[in-house]
Amino acid sequence: RSYGKVIDMTEFFRTVLNMSITGAYIAAAIIILRIAMKKLPKKYSYLLWAILGIRLLCPFSFSSAVSIFNVLVPEKPAIPNDIEYAAEPRITVSVPPVNNAINEQLPPAQPSVSANPMQIAMAVGAFVWAVGMLAMAVYTVVSYISVKKKVKNAKLSDGNVYTCESIETPFVFGLIKPHIYLPEYLADVDRPYIIAHEQTHIDRKDYIVKLIAMAALCVHWFNPMVWLSYRLMTKDMELSCDEKALGSFDTDVKKAYANALLNISLKQNRLSLGGVLSFGESNIKSRIKGVLGAKKPKVIAIVSAVIAVVAAAVCLLTNAVKNDNSFEPI
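Keep in mind it's a predicted model, so treat the numbers as computed, not measured.

### Here we look at the packing of helix α7 (residues 206-219) against helix α8 (residues 224-246)
Stage number 1. Contact pair α7 / α8: the axes reach a minimum separation of 10 Å and the direction vectors enclose 170°. One finds that α7 runs roughly antiparallel with respect to α8. Contacts from Asp-206, Val-209, Lys-210, Ala-213, Met-214, Ala-216 and Leu-217 of α7 reach α8 at Val-226, Trp-227, Tyr-230, Met-233, Thr-234 and Met-237.
Stage number 2. Considering only residue class, the contact of α7 with α8 consists of ten nonpolar, one polar and two charged.

### Describing unusual backbone geometry
Stage number 1. Even without being a glycine, Lys-205 presents a positive backbone phi close to 60°.
Stage number 2. One can find Lys-205 in the loop between α6 (191-203) and α7.
Stage number 3. Residue Lys-205 is classed as partly exposed on the basis of its relative accessible area, which comes to 40%.

### Thoughts on the pairing of strand β1 (residues 155-158)
Stage number 1. By the bridge criterion, three bridges tie β1 to strand β2 (residues 161-164) in an arrangement that is antiparallel. Bridge assignment links Lys-155 to a residue of β2, and that residue is Thr-163.
Stage number 2. Here β1 hands over to β2 after two residues, with Gly-159 in that stretch at a positive phi of 60°.

### A closer look at the layout of surface pockets
Stage number 1. Within this model, the largest pocket holds a volume of roughly 1200 Å³.
Stage number 2. Around the largest pocket, the lining is made up of 38 residues, and of these Leu-40, Pro-41, Lys-42, Glu-243 and Gly-290 lie nearest the centre.
Stage number 3. Elements supplying a minimum of two residues to the lining of the largest pocket: α1 (2-36), α2 (42-57), α8, α10 (284-292) and α11 (299-317).
Stage number 4. Of all the elements, α8 adds the most residues to the lining of the largest pocket, at eight residues.
Stage number 5. Taken together, the residues of the lining of the largest pocket break down into 14 nonpolar, seven polar and 17 charged.

### So, the packing of aromatic side chains
Stage number 1. Applying the stated rule across the entire model yields eleven aromatic pairs.
Stage number 2. On the numbers, 5.9 Å between centres and 35° between planes, the contact of Phe-13 with Trp-129 is tilted. In this pair, Phe-13 is assigned in helix α1 and Trp-129 in helix α5 (residues 117-150), connecting sequence segments 116 residues apart. No difference in accessibility class separates Phe-13 from Trp-129, as the two residues are buried.
Stage number 3. Ring centres of Phe-171 and Tyr-181 lie 5.8 Å apart, and the angle between their planes is 35°; this geometry places the pair in the tilted category. Here Phe-171, found in strand β3 (residues 171-173), pairs with Tyr-181, found in strand β4 (residues 179-183); they are ten residues apart in sequence, far enough to count as distant. Tyr-181 carries the same exposure label as Phe-171, and that label is buried.
Stage number 4. Of the aromatic side chains, those joined through ring pairs into one cluster are Tyr-144, Tyr-162, Phe-171, Phe-173 and Tyr-181.

### Things to note about the nonpolar core
Stage number 1. Ile-30 and Met-37 are the most contacted members of the largest nonpolar core, which totals 34 residues.
Stage number 2. Sorting the residues of this core by element identifies α1, α2, α7, α8 and α11 as the ones contributing at least two each.
Stage number 3. Here the element with the most residues in this core is α2; it accounts for seven residues.
Stage number 4. Val-172, Ile-202, Tyr-207 and Ala-258 belong to the second-largest nonpolar core, a separate cluster that totals 21 residues.

### Regarding a nonpolar patch on the surface
Stage number 1. Taken together, the side chains of Val-66, Ile-302, Val-306, Val-310 and Val-314 make up a nonpolar region of the molecular surface, amounting to roughly 360 Å² of accessible area.
Stage number 2. Tracing the backbone shows Ile-302 in helix α11.

### Structural notes on the pattern of salt bridges
Stage number 1. Inspection of the entire model under this criterion finds four salt bridges.
Stage number 2. With its nearest N and O atoms 3.6 Å apart, the salt bridge here joins Glu-238 to Arg-287. Here Glu-238 is found in helix α8, whereas its partner Arg-287 is found in helix α10, with 49 residues between them in sequence.
Stage number 3. In this structure, Arg-287 engages Asp-242 in a salt bridge whose closest nitrogen and oxygen atoms are separated by 2.9 Å. Placement of Arg-287 in helix α10 and of Asp-242 in helix α8 is noted, with a sequence separation of 45 residues between them. Considered together, Arg-287 and Asp-242 belong to a single accessibility category, that of buried residues.
Stage number 4. One network of salt bridges, in which partners are shared, links Glu-238, Asp-242 and Arg-287.

Conventions and cut-offs
Residues numbered from 1 in each chain as written. Predicted model: local features only at pLDDT ≥ 70, side-chain atom pairs only at ≥ 80, totals over all residues. Heavy atoms only, no water. Axes fitted to C-alpha atoms, helices over the stretch in contact; angles between N-to-C directions. Helix = DSSP H or I, 4+ residues; strand = E, 2+ residues; numbered from the N terminus. Parallel < 35°, antiparallel > 145°, perpendicular 65-115°, else oblique. Contact = heavy atoms within 4.5 Å. Nonpolar A, V, L, I, M, F, W, Y, C, P; charged D, E, K, R; others polar. Buried < 20%, exposed > 50% of the residue type's maximum accessible area, 1.4 Å probe, protein only. Pairing = 2+ DSSP bridges. 1 Å grid on protein atoms, 1.4 Å probe; cavity = no way out; pocket = protein on both sides within 12 Å on 5 of 7 lines; lining within 4 Å. Points joined across faces, edges and corners; volume = space filled by probe spheres on them. Phe/Tyr/Trp six-rings, centres within 6.5 Å; stacked < 30°, edge-to-face > 60°. Core = buried A, V, L, I, M, F, W, Y, C linked by side-chain atoms within 4.5 Å. Patch = residues over 30% accessible without salt bridge, like charges linked within 9 Å, V, L, I, M, F, W, Y side chains within 5 Å. Areas by Shrake-Rupley, 256 points an atom, 1.4 Å probe, with all protein chains shown as cover. Salt bridge = Lys/Arg side-chain N within 4 Å of Asp/Glu carboxyl O.

See below:
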């Protein structure tokens, strides 16, 4: 029975590895497209990351003739299903130097032996992956509990806004009915802009998006492209939130909003807690630059951004069209 569990874990780990490799291709494509969309409204760059989230967490998809994987993915799985038993185990990706570097390190399998080196390597890899995933999950839960303890004595200010003396930066906290928590030192002149920003997070359900992103990070913690994507996704989340929050005011408040952002950044706690959305949490220079340079987007820019997102979704969410030799990525 225990042997069967090891086999199941190894098979699951192999599935995650193939999903992660597929995700790396998608992340690279999104990063390139994100650069091309630099001058377009940031909410569309933010939307692109939903594509990666779906592919990292959902093992199923459908085929399309316009899928990017018709070109990128090799004609067999990156991690073959029988790699533990192959006489010459091989890992195949679309970058030859990476192929060579990986395959040179793979031990030769011995099919006649019940537990050959590749079986052991995959079993150990599955165990290390599971331990890392558990550690990430525990860290997120502990962080959440820690924040909950910090705000338990918070005082209701107005509506869903609370003030708390034990925090250094504003954030949204809660899953069912999230609230806005502000530090007591906050100047009255900065409050409207900070509350507008945090309320935008709540309206867009960003607190749920970030938790889903943390789940993807927990599963694919070993993939540096997923860490980079998480960082860029949170940056796009904040930049797009700034854009929408600015639009909620009837007058031009760009300078006042930028000053509020700067004032918060001077006091904020740099520790990033899982699932907590902080007003001044990162990328202060680029966010202030974005706020001060914000303009109402032209129709052509919006149309271009929508077309780019739809095209990316079709090309990246779908798999390669099957033929006799092709491999449908996970």
